[in-house]
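# Remarks on the overall topology
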Amino acid sequence: MSILGIVIFLLIGGMAFWMLLFLLGFIVPYWITLGVFEKMQPKRIYEEEE
C-alpha cells in the first residue's frame with residue numbers, strides 16, 4: 001500500500017513540475033510581452049464615443 005502512496009506522490013509532483021515549467025516558459029513571457037506592448041502604444045486623449 002505504501003508503494004501506491006509513493007507513486008501517487010510522484011505523479012502529482014511530476015504534474016506540478018511540468019505545470020510550473022509551462023508557466024515559466026510560456027505564460028509569464030507572454031504576459032510580460034503583452035504588458036510591454038500595452039505600454040508602448042500611444043495614449044488616446046479622446047476616446048471615440050459611439
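For the structure given in this document, a descriptive report is provided here. (Residues numbered from 1 in each chain as written. Predicted model: local features only at pLDDT ≥ 70, side-chain atom pairs only at ≥ 80, totals over all residues. Heavy atoms only, no water.)

What follows is about a nonpolar patch on the surface. A grouping of Met19, Leu20, Phe22, Leu23, Phe26, Ile27, Tyr30 and Leu34 is seen on the molecular surface, where their side chains present a nonpolar patch of about 780 Å² in accessible area. Mapped onto the elements of the fold, Leu34 is located in helix α1 (residues 2-40). Residue class for Leu34 comes out partly exposed when judged on its relative accessible area of 45%. (Patch = residues over 30% accessible without salt bridge, like charges linked within 9 Å, V, L, I, M, F, W, Y side chains within 5 Å. Areas by Shrake-Rupley, 256 points an atom, 1.4 Å probe, with all protein chains shown as cover. Salt bridge = Lys/Arg side-chain N within 4 Å of Asp/Glu carboxyl O. Helix = DSSP H or I, 4+ residues; strand = E, 2+ residues; numbered from the N terminus. Buried < 20%, exposed > 50% of the residue type's maximum accessible area, 1.4 Å probe, protein only.)

What follows concerns the packing of aromatic side chains. Under the defined criterion, the tally for this structure stands at three aromatic pairs. Judged by centre distance (5.8 Å) and plane angle (25 degrees), the rings of Phe22 and Phe26 are stacked. Linking Phe22 with Phe26, this pair stays in helix α1, spanning four residues, or about one helical turn. Exposure remark for Phe26: the relative accessible area of 46% places this residue in the partly exposed category. Note on Phe26 and Tyr30: the rings are 6.0 Å apart at their centroids and 10 degrees apart in plane angle, and the pair reads as stacked. Note that Phe26 and Tyr30 are positioned in helix α1 at a spacing of four residues, about one turn of the helix. Through a chain of ring-to-ring contacts, the aromatic side chains of Phe22, Phe26 and Tyr30 assemble into a single cluster. (Phe/Tyr/Trp six-rings, centres within 6.5 Å; stacked < 30°, edge-to-face > 60°.)

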